[in-house]
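In case you want the letters, here they are:
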Amino acid sequence: MPLPLTNIYTPPYLQFPLYKHHLLISSLATTTIPPPLLSKTSLSLSTPPPSLAIMPEAPNDGGIVEKNKKTLQFIEDVTSNPDEVQQRILTEILTQNATVEYLHRHGLSGRTDRESFKKLIPVVTYEDLHNDIIRIANGDKSPIFSSHPISEFLTSSGTSGGERKLMPTIEEELERRSSLYSLLMPVMSQFVPGLDKGKGMYFLFIKSEAQTPGGLLARPVLTSYYKSSHFKDRPYDPYTNYTSPNETILCQDSYQSMYSQMLCGLYLNKEVLRVGAVFASGFIRAIRFLENHWSLLTHDIRTGSLNPVITDPLVRGSVMRILKPDPDLADFIERECSRNSWQGIITRLWPNTKYVDVIVTGSMAQYIPTLDYYSNGLPLVCTMYASSECYFGVNLNPLCDPSEVAYTLIPTMAYFEFLPVHRTGGVVCTGVAKSDKENQQLVDLADVKLGQEYELVVTTYAGLYRYRVGDLLKVVGFKNKAPQFSFICRKNVALSIDADKTDELELHKAVEKAVNHLVPFNATLTEYTSHADTTTIPGHYVIFWEVSENRTTPIPASVFEDCCLTIEESLNSVYRQGRASDKSIGALEIKIVENGTFDKLMDYAISLGASINQYKTPRCVKYKPILELLHARVVSSYFSPKCPKWFPGHKQWNNKS
């Protein structure tokens, strides 16, 4: 955290130094409670029973219990005075960046008071900042947003113009993000004792990075962390004791990385007390990988050797330091994986596992039934709320049901404002917040109302000022005086399988390009809708097409396959990376439905009370009866024949090279 400014009063609760805890998204503690104590029924308590509220035994250094107590007191203090903390944070940010070009451009001229800030600084989106960000990417080192040098760009899963958004960051932000991670274990220790006993099996991966024309790296936030000394050179900590050696996580080859991490997790199965990944989709892909490769993995465990397909010398060395021949374990894994059903495979192979630690809020909620199937209903733990722009808050009741997850925004992370959301006929409407009057409608953290929905707006130390994150949140409660929010959705997102976010306009433009393949056959697209199908692993986009065609000239299957590929080639770089590089998204599918299907769809909507005058075909469907109607009228289906083109970095960078 930044040092307190000498001319600003720092209350005692803000002087508490959050101890450095090694940064790892969704890295939580180990547990030793018997599984029955962690049934879903018993975990819906608003306060833990006495048996779950005992602090864990401290390791030999005796410091963890005391650190936990101090951290929990810190949470109590900052949530008891959120507005006072927020005023101090805003003053610190504006003082630190008083001389930057962006603030002077808008007339702030060194002022640090909240009133001037709200009056003069506009509420913005990424598009408003794009030109300045490109200046930095091209090598401009002047203080445009921050008085501190921009250290790198963190690439967002959100896109602009089909390319990943570039979030400038500074070196000091890593410490600030680490401070939020340091809250997770003390919170968890209130619910589950013995968190320092055993290991966590987390499937963690690096992704491709690029270099801007100005020489700055552009990469996802977790890739940045895993490659930093904070992760690679971390001292031993019982709470970051993982089955995967660093070398397996840092391997660029996704197959070698997954294979070696799974092998180590299986070999150390009795020591595993919690399992997870960043997103639910990523953990499910790991289980599917096990389904497809368990015979190779058991061979390695039986013989104490490593499959020659693993060629990375650092990976081989790290795995062979762990692996020894264990025929009994190989037989056990072989028996379990050979059974007809894979229900409960997690508790069968890793019998001491107490919970699954993955993000299952927002679009990831679609994976909850699959996780429940594989885990025999183990608790699904969501610990924190974060993005490339900023780390926001934590879940203070981490063992709650996924539908009840609420995040408490920690007031020291950034300056938070909230744009009220109004719904008209179910459609989200937020102010554009361009005029002075609209600027004033933003609400401070301490002033949000219970039950109201808001769009999150942040001001950060790294130089984002009144930036619309695009997340829609609902106030569902309070921790002391600090609000707790449930995550509603990402604004304007229609389809999402993994980190991808495709909106209706982008999908529509892609479909428009694809239908050009139908023109030579005198065929037209009558109507279409879409669905994110997660029944397959990995999940994939399904587009339902109703086509009016000239029966005398049948359309070959290859033409519809070309349509699939054209749609994929037209989607944003995050989607294309998921398909071509990360393999986290399956091939796009077009399902041709009978003529008249979309009339039936309208009839169904009207039967449920929709107005015939206001009815519009939904461009994305999730409602099960509608999906059943569509699937019942499918006459043929086609898949994209190959992966779309994708390269790290932005198109304009690749064009220059």
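Keep in mind that what you see is a predicted model, and the values were worked out from it rather than measured.

As for the overall build of the chain
Counting secondary structure elements, the chain contains 24 helices and 23 strands. Residues classed as buried in the chain amount to 56% of the 657 residues present.

Looking at the sheet that holds strand β20 (residues 524-533)
Taken together, 4 strands build an open sheet; the order of strands is β20-β21-β22-β23 and the sheet is mixed. The strands lining the two open edges of the sheet, one partner per strand, are β20 and β23 (634-639). Adjacent strand axes in the sheet meet at a mean angle of 25°, parallel and antiparallel pairs treated alike. Taken together, the 5 bridges between strand β22 (residues 589-593) and β23 define a ladder with antiparallel strand orientation. Among the inter-strand pairings, lysine 591 is bridged to a residue of β23, identified as serine 637. Across the sheet, helix α19 (residues 504-514) touches β20 and β21 (540-548), and the angle it forms with β20 is around 135°.

Observations concerning the nonpolar core
In terms of nonpolar packing, the biggest core is built from 160 residues, with Phe283, Ile346, Phe416, Phe418, Leu456, Trp545 and Ile567 touching the most fellow members. In terms of residue count, the dominant contributor to this core is helix α13 (residues 280-303) (10 residues). Counting residues in each nonpolar core, the second largest holds 10 residues, with Met188, Phe191, Tyr355 and Leu399 among its members.

Re the packing of helix α12 (residues 254-267) against α13
Between α12 and α13, whose axes approach to 9 Å, the crossing angle comes to 70°. One element, α12, and the other, α13, form an angle in the roughly perpendicular class. By crossing handedness, the relation of α12 to α13 is classed as right-handed. From α12, Tyr255, Met258, Tyr259, Met262, Leu263, Leu266 and Tyr267 reach across to α13, where they touch Arg285, Ala286, Phe289, Leu290, His293, Leu296, Leu297, Asp300 and Ile301. Split into classes, the residues belonging to the contact of α12 with α13 amount to 13 nonpolar, 1 polar and 2 charged.

Remarks on the packing of aromatic side chains
Two aromatic rings are characterised by how far apart their centres lie and by the angle between their planes. Within the structure shown, the criterion is met by 21 aromatic pairs. The interplanar angle of 10° and the centroid separation of 5.6 Å between the aromatic rings of tyrosine 102 and tyrosine 465 together place this pair among those described as stacked. With tyrosine 102 in helix α4 (residues 101-105) and tyrosine 465 in the loop between β15 (453-459) and β16 (467-479), the pair connects residues that are 363 residues apart, well separated along the chain. Each member of the pair, tyrosine 102 as well as tyrosine 465, is classed as buried. Ring centres 5.0 Å apart and planes at 15° place the aromatic pair phenylalanine 418 and phenylalanine 485 in the stacked group. You can see phenylalanine 418 sitting in strand β12 (residues 415-424) and its partner phenylalanine 485 sitting in strand β17 (residues 482-490), a full 67 residues away along the chain. For the pair shown, phenylalanine 418 and phenylalanine 485 are each scored as buried. Taken together through their ring pairs, the aromatic side chains of Tyr385, Phe392, Tyr407, Phe416 and Phe487 make up a single cluster. Over the ring of phenylalanine 231 we find arginine 234; its NZ or CZ atom is 4.3 Å from the centre of that ring.

A short note on the pairing of strand β7 (residues 356-359)
Alternating residues of β7 divide into Val356 and Val358 and Asp357 and Ile359, and every residue in both groups is buried. As paired strands, strand β6 (residues 272-279) and β7 are joined by 3 bridges and run parallel to one another. Each residue of the ladder has a partner; that of glycine 276, found in β7, is aspartate 357. The pairing of β7 with strand β8 (residues 380-381) spans 2 bridges and is parallel. Residue pairing in the sheet places aspartate 357 in a bridge with valine 381 of β8. Crossover handedness for the path β7 to helix α17 (residues 368-375) to β8: right-handed.

A short note on helix α20 (residues 557-570)
In a regular helix each residue adds 1.5 Å, so 14 residues correspond to 20 Å; α20 covers 20 Å between its end C-alpha atoms and thus fits that length. When we look at burial in α20, the residues that qualify are Val559, Phe560, Cys563, Cys564, Leu565, Thr566, Ile567 and Glu568. In the core, the buried residues of α20 are packed alongside α19, β21, α21 (573-580), β22 and β23.

Remarks on the side chain of glutamate 417
As for its position among the elements, glutamate 417 is in strand β12. In terms of polar contacts, glutamate 417 uses its side chain to reach the side chain of lysine 118, at 2.6 Å. Among the polar contacts listed, one links the side chain of glutamate 417 to the side chain of arginine 466, at a separation of 2.7 Å. Those residues in contact with glutamate 417, other than ones at most four positions away along the chain, are Phe117, Lys118, Leu442, Val443, Asp444, Glu455, Leu456, Val457 and Arg466.

Some thoughts on the confidence of the model for the chain
The predicted coordinates ought not to be read in detail in places where the model reports low pLDDT. With 85% of its residues at a pLDDT of at least 70, the chain reaches an overall mean of 83. Under a pLDDT of 50 for its full length, residues 1-61 has, in the predicted model, 180 contacts with residues more than four places off or in other chains. The low-confidence segment residues 432-436, where pLDDT is below 50, has 10 contacts with residues more than four positions distant or belonging to other chains.

Quick notes on the sheet that holds strand β3 (residues 199-203)
Backbone hydrogen bonds are what pair the strands of a sheet, in a parallel or an antiparallel way. Strand order in the open sheet formed by 4 strands is β3-β6-β7-β8, and the pairing between neighbours is parallel. Strands with a single pairing partner mark the edges of an open sheet, and in this sheet they are β3 and β8. Strands β3, β6 and β7 of the sheet are contacted by α13, whose axis makes an angle of about 120° with β6.

Parameters and conventions
Residues numbered from 1 in each chain as written. Predicted model: local features only at pLDDT ≥ 70, side-chain atom pairs only at ≥ 80, totals over all residues. Heavy atoms only, no water. Helix = DSSP H or I, 4+ residues; strand = E, 2+ residues; numbered from the N terminus. Buried < 20%, exposed > 50% of the residue type's maximum accessible area, 1.4 Å probe, protein only. Pairing = 2+ DSSP bridges. Axes fitted to C-alpha atoms, helices over the stretch in contact; angles between N-to-C directions. Contact = heavy atoms within 4.5 Å. Core = buried A, V, L, I, M, F, W, Y, C linked by side-chain atoms within 4.5 Å. Parallel < 35°, antiparallel > 145°, perpendicular 65-115°, else oblique. Left-handed = near helix turned anticlockwise from the far one by under 90°. Nonpolar A, V, L, I, M, F, W, Y, C, P; charged D, E, K, R; others polar. Phe/Tyr/Trp six-rings, centres within 6.5 Å; stacked < 30°, edge-to-face > 60°. Lys NZ or Arg CZ within 6 Å of the ring centre and 35° of its normal. Right-handed = clockwise from strand over helix to strand, strands pointing away. Expected span 1.5 Å × (residues − 1). Polar contact = N/O pair within 3.5 Å; in protein donor to acceptor, adjacent residues only side chain to side chain. pLDDT = per-residue confidence, 0-100.

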